[in-house]
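Understanding the architecture of this molecule
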Amino acid sequence: MRSSRIWLSPPDLGSAEEALVHDAFRSNWIAPLGPHVDAFEAELSAVTGAAHTAVLSSGTAAIHLALIILGVERGDWVLCQSLTFSGTANPIAYLGATPVFIDSETDTWNMDPDALREAVRHALKQNKKPKAIIPVHLYGMPARMTEILAIAREFEIPVVEDAAEALGSSIDGQPCGSMGDIGILSFNGNKIITTSGGGALLSNRVDWVEEARFLGSQARDPGPHYQHSHIGYNYRLSNILAAIGRGQLQTLSTRVAARRANFNRYRAFFSDYEGISTQPEGPAVRSNRWLTTILVDSEKTGGVTRETIRLALAADNIDARPLWKPMHEQPVFASAPSFGGDVSARLFQQGLCLPSGSNLSDEEFSRVSATLNRVLDASR
Ligand SMILES: *Cc1c(COP(=O)(O)O)cnc(C)c1O
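Described in the following lines is the structure provided in the data block. Everything quoted here is computed from the prediction, not taken from an experiment. Counting restarts for each chain, with residues numbered from 1 along the sequence as it is written. Residue-level local features of this predicted model are given only where pLDDT is at least 70; pairs of side-chain atoms are given and counted only at 80 or more, and the full residue set underlies all totals for whole chains, interfaces and linings. Side-chain measures were taken over the full set of non-hydrogen atoms in the model, leaving aside hydrogen atoms and water.

Some remarks on the sheet that holds strand 13 (residues 321-322)
What counts is decided by this rule: Two strands are counted as paired when DSSP detects at least two bridges linking them. Think of it this way: any DSSP run of H or I at least four residues long counts as a helix, any run of E at least two long counts as a strand, and we number them from the N terminus.
Spatially, four strands are ordered 10-12-15-13 in an open sheet, and the strand pairing comes out antiparallel. The open sheet has two free edges, formed respectively by strand 10 (276-278) and strand 13, since each of these has just one partner strand. In the sheet, strand 10 pairs with strand 12 (residues 292-296) via three bridges, with the strands oriented antiparallel. Directly across from Ser277, in strand 12, lies its bridge partner Leu295.

This is the structure in structure tokens:
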């Protein structure tokens, strides 16, 4: 018999979510508004420290609205981390703006402040002052926000902080999602907490968060009839999904602990092997370790590559994925400018994400490590 599949990052739900969804049914608030929406927004603000939160239908929708609020229009330039999920960059294209991709640095695997500065200088020389900077906290690891924010302030460019993977991460105790001018979160099915699909836009500016709610609910002007002076979007989160999110959020700290425990187990496991390294965590930084990711240096593993490992895991019905493929290497963004070296390209070549769910069992971890042992021992 084939053993059951071990997923990369499956949903992990409990009885609190079920009770809250029942409450949404009983109250008949089956709409993209209601008491659970209001409560989820307040609870997210409390957890992140951002003064105001609007919950939305996805993280991508949140980035789209953030860019509209910051005035991004056709032909504008937006500086975006290259090593990320396409949901970070697609909204730039929705607006007819040009994404300018910034390479990663090797410490955090996130936006390289030096390449960012070079891109800003280049843009200013072309008389194309960038409309926004979008750094990402990949796999939960905080980007170099101090340096990135300093550059943003120096040149007066707003920052949209893509914290889709980093709820529960922090720098010097400050939660990710609350550092940029606007922060965004995702509650997609694979994220550290999920509403099946969902997202949030966070800011200390109440006018921006109110604008997100307004634009996200079809931009309806006040009044008894349906009157519109702006193009709107249907981007609000439903009361039922907000109920799920509230139940999930209650368990955030135990989820972070479980994901960090996964990481520590993998790291201990790989300490027996040459040529396998993990995403480093700098001083004062705390990653939620959403996914445990490794780099495989085939010159030191005796020829084992990340693909050798991925295929061996796949053959044993275990889900593992390469890191995000950089946006500047994606066919759809082939014509977009990019800045920096080949760090993100190399990370993509060597990087692999391992099963990292907050519900990963001891038995599942044993299965994953047995396969890894077999592949890595074979080449010694
Ligand atoms: C998941 C994710 C998004 C998009 O979120 P959705 O809710 O899936 O639209 C954006 N950026 C990053 C880095 C992500 O991982």
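There's plenty left to go through after this.
Observations regarding the packing of helix 9 (residues 252-270) against helix 12 (residues 362-378)
Our working rule: Note on definitions: angles span 0 to 180 degrees between N-to-C directions of axes, and those axes are lines fitted to C-alpha atoms, for helices only across the stretch in contact. Small angles under 35 degrees read as roughly parallel and large ones over 145 as roughly antiparallel, with 65 to 115 read as roughly perpendicular and the rest as oblique. Should the near helix be turned anticlockwise from the far one by less than a right angle, the crossing is termed left-handed; should it be turned clockwise, right-handed. Contact between two residues is taken to exist if any of their heavy atoms lie within 4.5 Å; hydrogens are not considered. Throughout, the ten residues Ala, Val, Leu, Ile, Met, Phe, Trp, Tyr, Cys and Pro are labelled nonpolar, Asp, Glu, Lys and Arg are labelled charged, and all others, Gly among them, are labelled polar.
Taken N-terminus to C-terminus, the directions of helix 9 and helix 12 make an angle of 25°; their axes are 12 Å apart at the nearest point. With respect to their mutual orientation, helix 9 and helix 12 come out roughly parallel. Of the two possible hands of crossing, helix 9 and helix 12 adopt the one that is right-handed. On the side of helix 9, the interface is formed by Arg265, Tyr266, Phe269 and Phe270, while helix 12 contributes Asp362, Phe365, Val368, Ser369, Leu372, Asn373 and Leu376. Tallied by class, residues from the contact of helix 9 with helix 12 come to seven nonpolar, two polar and two charged.

Considering the site of the ligand
Definition in use: We define proximity as follows: a residue is near a molecule or strand when any one of its heavy atoms falls within 4 Å of that partner. Pairs of N or O atoms are called polar contacts if they sit within 3.5 Å, as long as, within protein, a hydrogen donor faces a hydrogen acceptor (for residues adjacent in sequence, only side-chain-to-side-chain pairs). Using a 1.4 Å probe, accessible areas were evaluated by the Shrake-Rupley method; residue-level cover was limited to the displayed protein chains.
Neighbouring residues of the ligand: 14 residues in total, closest Thr60, Asp162, Glu165, Ser186 and Lys191. Interatomic distance of 2.5 Å between a side-chain N/O atom of Thr60 and an oxygen atom of the ligand. In this structure, Glu165 approaches the ligand through a side-chain N or O atom, which is 2.5 Å from an oxygen atom. Here the ligand loses 94% of its free accessible area of 380 Å² to cover by the protein chains. Residues of the shell around the ligand, tallied by class, amount to three nonpolar, eight polar and three charged.

Regarding the environment of Tyr94
If you trace the backbone, Tyr94 turns up in helix 4 (residues 86-94). Tyr94 sits 85 residues away from Met179 along the chain, and the two C-alpha atoms are 25 Å apart. Discounting residues that sit within four places of it in the chain, Tyr94 has contacts with Thr60 and His64.

Concerning helix 12
Cut-off, in case you're wondering: What a helix is expected to span follows from its residue count: subtract one and scale by 1.5 Å. For the exposure calls, accessible area comes from a 1.4 Å probe over protein chains only, and a residue counts as buried if that area is under 20% of its type's maximum, exposed if over 50%, partly exposed in between.
Between its first and last C-alpha, helix 12 extends 24 Å over 17 residues, near the 24 Å set by a 1.5 Å rise per residue. Those residues of helix 12 that fall on the buried side of the exposure criterion are Glu364, Phe365, Arg367, Val368, Ser369, Thr371, Leu372, Val375 and Leu376. Here the buried face of helix 12 lies against helix 9, strand 10 and helix 10 (306-315).

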